[in-house]
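Per-entry structural report
Chain residues, written in single-letter form:
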Amino acid sequence: MRQVVIICQPARERGADFHALKASLLLSAGRTDAARHEIEAALGRDPGSARAQAVRAIVAVVEDRPDEAFAAGQRAAAAAPDSAAALVALSYAEQANLQLESARDTLLTAVRLQ
């Protein structure tokens, strides 16, 4: 229900969560350029947004930029260590960097949080 409320907010009230959610939706539609724009908007409103950093990590994985993915994944996990989404994004980034044991451990931690 919270996501519906975020989407219906007037433009002037849209915060980092709105833009991170929109970036996720754009990414799921394959629109990485537009997703990157929304990530930057989210981080402009909240530079510490774990959601935005997690989506940034996934976009970087999709675009085969493993170092950027790893850095964003680490920022997401540091900002929200109890967030399964942040840890899953970090796990994807670790996989992209061929850190497979670490990726498995990170993913297991994310599963335990659910």
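These notes cover the structure that comes with them. Since the structure is predicted, the reported quantities are computational estimates derived from the model, not experimental observations.

Reading the values: rules and limits
All residue numbers here refer to positions counted from 1 along the written sequence of the relevant chain. With pLDDT at 70 or above as the cut-off, local features in this predicted model cover only qualifying residues; side-chain atom pairs require 80 or more to be listed or tallied, and sums for whole chains, interfaces and linings still use all residues. The side-chain figures draw on all heavy atoms in the structure; neither hydrogens nor water molecules are used. Strands here mean DSSP runs of E at least two residues long; helices mean DSSP runs of H or I at least four residues long; both are numbered from the N terminus. Three exposure classes are used, based on accessible area relative to the maximum for each residue type with a 1.4 Å probe and protein chains only: buried under 20%, partly exposed in between, and exposed over 50%. Only the protein chains shown count as cover for residues, and the accessible areas themselves come from Shrake-Rupley with a 1.4 Å probe. Salt-bridge detection follows one rule: a side-chain nitrogen of Lys or Arg within 4 Å of a carboxyl oxygen of Asp or Glu. Take the number of residues in a helix, subtract one, and multiply by 1.5 Å to get its expected span. Here, nonpolar core refers to any group of buried Ala, Val, Leu, Ile, Met, Phe, Trp, Tyr and Cys residues whose side-chain atoms link them within 4.5 Å. What makes two residues a contact is simply this: any of their non-hydrogen atoms within 4.5 Å. Angular values range over 0 to 180 degrees, each being the angle between N-to-C directions of two axes fitted as lines to C-alpha atoms, with helices fitted over their stretch in contact. In these notes the angle categories are as follows: under 35 degrees is roughly parallel, over 145 is roughly antiparallel, 65 to 115 is roughly perpendicular, and the rest is oblique. Two helices that cross are described as forming a left-handed crossing if the nearer one is turned anticlockwise from the farther one by less than a right angle, and a right-handed crossing if clockwise.

Counting its regular elements, the chain contains seven helices and zero strands. Out of the 114 residues belonging to the chain, those deemed buried represent 39%. Per element, the accessible surface of the chain, about 6500 Å² overall, is 55% carbon and sulfur.

With the rule as written, the count across this model stands at eight salt bridges. Its salt-bridge partner being Asp17, residue Arg51 comes within 3.7 Å of it at the nearest N-O pair. One end of the pair, Arg51, is in helix 4 (residues 50-62); the other, Asp17, is in helix 2 (residues 16-28), with 34 residues separating them in the sequence. According to the relative accessible area criterion, Arg51 is partly exposed, its value standing at 42%. Residue Asp17 is classed as partly exposed on the basis of its relative accessible area, which comes to 24%. Beyond isolated ion pairs, a larger network of salt bridges with shared partners links Asp33, Arg36, Glu63, Arg65 and Glu68.

All right, on to helix 6 (residues 84-96) then. If you check helix 6, its first and last C-alpha atoms are 18 Å apart, about what 13 residues at 1.5 Å a residue would give, namely 18 Å. Every buried residue of helix 6 is accounted for by Ala84, Ala86, Leu87, Ala89, Leu90, Ser91, Ala93 and Glu94. Where helix 6 ends, the next residue or the one after it, Leu98, has phi of about 60°, a positive value.

Counting 13 residues, the largest nonpolar core has Ala23, Leu27, Ala35, Ile39, Ala52, Val55 and Val59 as its most contacted members. Mapped by element, the contributors of at least two residues to this core are helix 2, helix 3 (32-45) and helix 4. Filtering out sequence-adjacent residues up to four positions away, Ala35 remains in contact with Ala23, Leu26, Leu27 and Val59. Grouped together as the second largest cluster of nonpolar side chains are six residues, Ala57, Ala76, Ala86 and Ala89 included.

This next bit is on the packing of helix 3 against helix 4. Helix packing for two helices is described by the angle between their axes and how far apart those axes are. Closest axis-to-axis distance for the helix 3/helix 4 pair is 10 Å, and the angle between their directions is 155°. If you check the angle between helix 3 and helix 4, you find them roughly antiparallel. Crossing hand, helix 3 versus helix 4: left-handed. Of the residues in helix 4, those in contact with Thr32, Ala35, Arg36, Ile39, Glu40, Ala42 and Leu43 of helix 3 are Ala52, Gln53, Val55, Arg56, Val59 and Val62.

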